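Residues per chain are reported as follows:
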Amino acid sequence: MSKVAVLGGGLSGRLMAFQLAEQGISVELFEKGERNGAQAAAYVAAAMLAPSAEAVEATPEVIRLGKQSIALWRAIVCRLNTPVMMQENGSLIVWHTQDKPLSAEFARHLKRGGVAEHETIRWNADEIAANEPQLAGRFSDGLYLPTEGQLDGRQVLNALADA
Ligand SMILES: Cc1cc2nc3c(=O)[nH]c(=O)nc-3n(C[C@H](O)[C@H](O)[C@H](O)COP(=O)(O)OP(=O)(O)OC[C@H]3O[C@@H](n4cnc5c(N)ncnc54)[C@H](O)[C@@H]3O)c2cc1C
């Protein structure tokens with residue numbers, strides 16, 4: 001029977017160890033920091049599952065893989081015994097009036113990244129206020145990406161440690 005050592009218990013190491021263990025492989029995970037993952041990037045990350053929102057920098061391939069990962073995360077969260085907050089309510093990118101040209105530029109990045117038109121919904125100031133009252137009166141233009149989501153990174157680290 002193989003035995004695997006995983007070095008580094010950030011999000012990647014914990015996920016790797018968890019999935020190997022699920023396959024019946026004996027795993028030992030070595031992490032120099034705390035069990036709660038305080039030294040891992042995921043401890044401070046927003047943990048947005050928002051590949052299209054990264055279109056300015058991400059390649060089409062990274063965006064495609066990121067979209068696939070949302071479904072993978074949904075399945076992983078279901079297999080964890082410790083609760084993890086995961087939401088798929090979309091993400092919203094907003095622009096101040098003076099930044100309007102950036103909004104058109106971002107739309108071009110989305111197109112280049114292979115994000116389909118039906119995956120983006122343009123919101124004006126009234127629609128932003130209706131959907132996100134805390135942003136009312138502050139932004140004139142927004143792009144809602146309904147298929148994106150978010151995790152609670154600290155809960156994921158903790159749940160993977162439990163698992
Ligand atoms: C502020 C911020 C916001 C982010 N927001 C997002 C976001 O919204 N969405 C998103 O998808 N990604 C986001 N990221 C990126 C994401 O969090 C990271 O890509 C991911 O968590 C990296 O995980 P990792 O396990 O590869 O690396 P790390 O988290 O760096 O884990 C490496 C682990 O190895 C341990 N280690 C190092 N050396 C040793 C050793 N010699 N022996 C034992 N252990 C060792 C460290 O203590 C650490 O726990 C964000 C990152 C940051 C910093």
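Refer to the structure above for everything that follows.
Bear in mind the structure is a predicted one, so any value in this text is a computation, not a measurement. (Residues numbered from 1 in each chain as written. Predicted model: local features only at pLDDT ≥ 70, side-chain atom pairs only at ≥ 80, totals over all residues. Heavy atoms only, no water.)

### Digging into the site of the ligand
- Taken together, 17 residues form the shell around the ligand, and within it Ser12, Glu31, Lys32, Ala41 and Met48 come nearest.
- Between the ligand and serine 12 there is a distance of 2.8 Å, counted from an oxygen atom to a side-chain nitrogen or oxygen.
- Protein coverage of the free-state accessible area of the ligand, which is 1,000 Å², stands at 52%.
- Here the residues of the shell around the ligand are counted per class, giving 10 nonpolar, 5 polar and 2 charged. (Near = heavy atom within 4 Å. Polar contact = N/O pair within 3.5 Å; in protein donor to acceptor, adjacent residues only side chain to side chain. Areas by Shrake-Rupley, 256 points an atom, 1.4 Å probe, with all protein chains shown as cover. Nonpolar A, V, L, I, M, F, W, Y, C, P; charged D, E, K, R; others polar.)

### Points about the sheet that holds strand S4 (residues 86-87)
- Taken together, 3 strands build an open sheet; the order of strands is S3-S8-S4 and the sheet is antiparallel. A single partner strand is all that each edge strand has here, and the edge strands are strand S3 (48-49) and S4.
- Here S3 pairs with strand S8 (residues 149-151) via 2 bridges, running antiparallel. Note on S8: the bridge partner recorded for leucine 49 is glycine 149. (Pairing = 2+ DSSP bridges. Helix = DSSP H or I, 4+ residues; strand = E, 2+ residues; numbered from the N terminus.)

### Some words on the pattern of salt bridges
- Taken as a whole and judged by the stated rule, the model has 7 salt bridges.
- Measuring nitrogen to oxygen at the nearest pair gives 2.5 Å for the salt bridge that ties glutamate 22 to arginine 79. Here the residue glutamate 22 occupies a position in helix H1 (residues 11-22), and arginine 79 occupies one in helix H2 (residues 60-79), the gap between them amounting to 57 residues. (Salt bridge = Lys/Arg side-chain N within 4 Å of Asp/Glu carboxyl O.)

### Digging into the environment of glycine 149
- Within the secondary structure layout, glycine 149 lies in strand S8.
- Expressed as a C-alpha distance, the spacing of glycine 149 and serine 91, which sit 58 residues apart in the sequence, is 6.6 Å.
- In this structure, glycine 149 is in contact with Met48, Leu49, Ala50, Gln87 and Glu88, ignoring residues within four places of it in sequence. (Contact = heavy atoms within 4.5 Å.)

### Re the environment of glutamate 148
- Along the chain, glutamate 148 turns up in the loop between strand S7 (141-145) and S8.
- You can call glutamate 148 buried: its relative accessible area is 1%.
- Taking the C-alpha atoms as reference points, glutamate 148 and lysine 67, separated by 81 residues in sequence, lie 8.0 Å from one another.
- Look past the residues within four positions of glutamate 148 in its chain and what remains in contact with it is Leu49, Ala50, Pro51, Ser52, Ala53, Ile70, Glu88, Asn89, Gly90 and Ser91. (Buried < 20%, exposed > 50% of the residue type's maximum accessible area, 1.4 Å probe, protein only.)

### Comments concerning the side chain of serine 103
- Within the fold, serine 103 resides in helix H3 (residues 100-112).
- Among the polar contacts made by the side chain of serine 103, one reaches the side chain of arginine 122 at a distance of 2.8 Å.
- Beyond its immediate sequence surroundings of up to four residues, serine 103 is in contact with Trp95, Arg122 and Asp141.

### Considerations on the sheet that holds strand S6 (residues 121-124)
- If you trace the 3 strands from one edge of the open sheet to the other, you get S5-S7-S6, paired in antiparallel fashion. Edge positions in the open sheet fall to strand S5 (91-95) and S6, since each of these has one partner strand only. Neighbour-to-neighbour, the strand axes of this sheet turn through a mean angle of 25°, independent of strand direction.
- Bridge count between S5 and S7: 5 bridges; the pairing is antiparallel. Residue pairing across strands places isoleucine 93 opposite leucine 143, the latter belonging to S7.
- Its contacts with the sheet place H3 against S5, S6 and S7, and it is angled at close to 25° to S7. (Axes fitted to C-alpha atoms, helices over the stretch in contact; angles between N-to-C directions.)

Shape descriptors only; they carry no functional weight alone.
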